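# Chains, contacts and geometry: an overview
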Amino acid sequence: MIPFNKPVVIGTERKYIDQVLEKQKLCGDGAFTKKCNEWLEKNIHCGKGLLTTSCTHATEMAVLLSNISEGDEVIMPSYTFVSTADAVVLRGAVPVFVDIRPDTMNIDEKLIEEAITDKTKAIIPVHYAGVSCEMDRIIEIADRYNLSVIEDAAQAIGSLYKGKYCGTLGNYGCLSFHETKNINMGEGGALLIRDSDNFERAEIIREKGTNRSKFYRGEIDKYTWVDAGSSYLPSELNAAFLFGQLERYEEIQISRMNAWNNYYGLLKVLEDKGDIELPFIPRECVHNAHMFYIKVKDIEQRTKLVNYLKQYDINAVFHYIPLHSAPAGVKYGRFNGEDKYTTKESERLLRLPLYYGICCDDVERVAEKIKEYFKI
Ligand SMILES: *Cc1c(COP(=O)(O)O)cnc(C)c1O
């Protein structure tokens, strides 16, 4: 069987978890959390990196930091995971969905401005499949209307836009370390903060609204409740697990990239024949091989292909029922403009098995069976 995903386990996780057990300090913000935060600051070049319990929670933090409240509006694509919208809806704000570009499946930057009202507070671009959105244009619009930019970089660790890391371009960037992502800690994430003005409040929100982080650093004598916050701090056990993987980041990314390039080369002939479409990477973007997808003619053909591959024990999957058509999306959000591509393109997209260590033979087998389906 070729599974769709296998969570990375690199081999050093157990050793580091044992070190945490020996120290008997299991709660958050210990030595390993610090190492992970520093790794992010050094390697992703963010102003500040804070490990969180998930990307969903990092997004909630960014929404709190952007002072988004009841009745405010936040612009985002409808083709995304629920977390992007949940973080906004929890504050009583309205997700305003905008259509995607069919080439990258990212929010269409040309449609953002017409969705802005006097209630708009932020834009949440989602870097789908680890391919960056058109960030120059998005940041230019945000600056002009004084909006916060919160990058949903859940899939985009290590991806670049014009040489800069995804998650570091907007005011906030949200990474995921869920087991389905390139680098993982089971469940977890990180908030990347660009501007130093926001560092202190971010630490406070993450620590239940207290200034405990300052207290730990010896900057104050006692800590107290200073703001509204929550518990967004992961345990040291999870941070230790993650650190093992961050240390081997290069190797993990290279393995995925090899598989990605291999798929691309093997399936190119089908694209040339007009049977499928392959992912498009704009010139200013470097992706991180988070996902390999193909697009087929329509939903019927996709269903047939999924079933065909299943016969050969190959697990190919699709995802994201556009949020504006889901029950909660209808209740809490609205779609601005026309759904020209979101639904249509989402129904054509199929993700192929891709994970750290997937062997060449398996990639070749998947490509072979897809070619067989299209009878070449
Ligand atoms: C995975 C994912 C999330 C959620 O990440 P968690 O760490 O599970 O909260 C959010 N947005 C996108 C685009 C994702 O792919």
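Residue numbering note: each chain is counted from 1, following its sequence as written. Residue-level local features of this predicted model are given only where pLDDT is at least 70; pairs of side-chain atoms are given and counted only at 80 or more, and the full residue set underlies all totals for whole chains, interfaces and linings. The side-chain quantities take in all heavy atoms of the structure and omit both hydrogens and water.

Helix and strand content of the protein: 13 helices and 13 strands. Along the first, second and third principal axes, the C-alpha set of the protein runs to 75 × 55 × 35 Å. By definition in these notes, contact holds between two residues if any of their heavy atoms fall within 4.5 Å. Of all intrachain contacts in the protein linking residues separated by at least 6 positions in sequence, the fraction that spans at least 24 positions is 70%. About 16,200 Å² of surface is accessible on the protein, with carbon and sulfur atoms providing 51% of the total. Think of it this way: any DSSP run of H or I at least four residues long counts as a helix, any run of E at least two long counts as a strand, and we number them from the N terminus. Here the Shrake-Rupley method, with its probe set to 1.4 Å, supplies the accessible areas, and only the displayed protein chains count as covering residues.

On to the sheet that holds strand E8 (residues 172-176). Read from one edge to the other, the open sheet built from 8 strands follows the order E1-E9-E8-E5-E4-E2-E3-E12, with strand pairing classed as mixed. Each edge of the open sheet is held by one strand with a lone partner, namely strand E1 (48-52) and strand E12 (334-335). When DSSP locates at least two bridges between a pair of strands, those strands are taken to pair. Where strand E2 (residues 73-77) and strand E4 (residues 120-123) come together, 3 bridges link them in parallel fashion. Paired with Val74 across the strands is Ala122, a residue of E4. Of the strands in this sheet, E1 and strand E9 (189-193) touch helix H6 (residues 199-206), which is tilted by about 10 degrees from E1. Only C-alpha atoms enter the line fits that serve as axes; for helices the fit covers just the stretch in contact. Angles between N-to-C directions range over 0 to 180 degrees.

Time to look at the site of the ligand. Taken together, 15 residues form the shell around the ligand, and within it Cys55, Thr56, Asp152, Ser176 and Lys181 come nearest. Measuring from an oxygen atom of the ligand, one finds a side-chain N or O atom of Gln155 at 2.9 Å. Any pair of N or O atoms that falls within 3.5 Å is considered a polar contact. Within protein, one atom must be able to donate a hydrogen and the other to accept it, and sequence-neighbouring residues count only if both atoms are side-chain atoms. One of the backbone N or O atoms of Gly188 is found 3.4 Å from an oxygen atom in the ligand. Grouping the constituent residues of the shell around the ligand by class yields 5 nonpolar, 8 polar and 2 charged. Any residue with at least one heavy atom within 4 Å of a molecule or strand is counted as near it. Each residue gets one of three labels, nonpolar for Ala, Val, Leu, Ile, Met, Phe, Trp, Tyr, Cys and Pro, charged for Asp, Glu, Lys and Arg, and polar for the others, Gly among them.

In this section: the side chain of Gln155. Of note, Gln155 is situated in the loop between strand E5 (148-152) and strand E6 (160-161). Only protein chains enter the calculation, and the probe is 1.4 Å; a residue is then buried if its accessible area is under 20% of its type maximum, exposed if over 50%, and partly exposed in between. The buried category is assigned to Gln155, whose relative accessible area is 7%. A polar side-chain atom of Gln155 sits 2.6 Å from the main-chain amide nitrogen of Ala129. The residues contacting Gln155, other than those within four sequence positions of it, are His127, Tyr128, Ala129, Gly130, Lys181, Asn288, His290, Met291 and Tyr320.

Looking now at the packing of helix H1 (residues 13-23) against helix H8 (residues 236-247). Two numbers describe how H1 lies on H8: the axes approach to 8 Å, and their chain directions differ by 145 degrees. Crossing hand, H1 versus H8: right-handed. Here Glu13, Tyr16, Ile17, Val20 and Leu21 of H1 lie close against H8, whose contacting residues are Glu236, Leu237, Ala240, Phe241, Phe243, Gly244, Gln245 and Glu247. Residue composition of the contact of H1 with H8, grouped by class: 8 nonpolar, 2 polar and 3 charged. When the near helix sits turned anticlockwise from the far one by under a right angle, the crossing is termed left-handed; a clockwise turn instead gives a right-handed crossing.

Below, the discussion takes up the packing of aromatic side chains. Only Phe, Tyr and Trp rings are paired, with Trp represented by its six-membered ring, and only when their centres lie within 6.5 Å; those with planes under 30 degrees apart are stacked, over 60 edge-to-face, the remainder tilted. Summed over the entire model, instances satisfying the criterion amount to 17 aromatic pairs. Between Tyr16 and Phe243, the ring centres sit 5.8 Å apart and the planes meet at 55 degrees, which makes this aromatic pair tilted. A residue pair is termed long-range when its members are at least 10 positions apart, and Tyr16 in helix H1 and Phe243 in helix H8 qualify at 227 residues. Across the pair, Phe243 and Tyr16 agree in class, each one buried. An aromatic cluster of three or more residues is present, and its members are Tyr79, Phe81, Tyr128, Tyr293 and Tyr320. Here, over-ring charges are defined by two tests on the NZ atom of lysine or the CZ atom of arginine: distance to the ring centre within 6 Å, and angle to the ring normal within 35 degrees. The residue whose ring lies beneath Arg302 is Phe318, and the NZ or CZ to ring-centre distance is 3.7 Å. Above the plane of the ring of Tyr312 lies Lys369, whose end atom (NZ or CZ) is 4.1 Å from the centre.

Before going further, it helps to examine a nonpolar patch on the surface. Patches here: salt-bridge-free residues with over 30% relative accessible area, like charges joined within 9 Å, nonpolar side chains (Val, Leu, Ile, Met, Phe, Trp, Tyr) joined within 5 Å. A pair is scored as a salt bridge if a Lys or Arg side-chain nitrogen falls within 4 Å of a carboxyl oxygen belonging to Asp or Glu. Where nonpolar side chains cluster on the molecular surface, the patch consists of Phe215, Tyr216 and Tyr223 and spans about 290 Å² of accessible area. Within the fold, Phe215 resides in helix H7 (residues 212-216).

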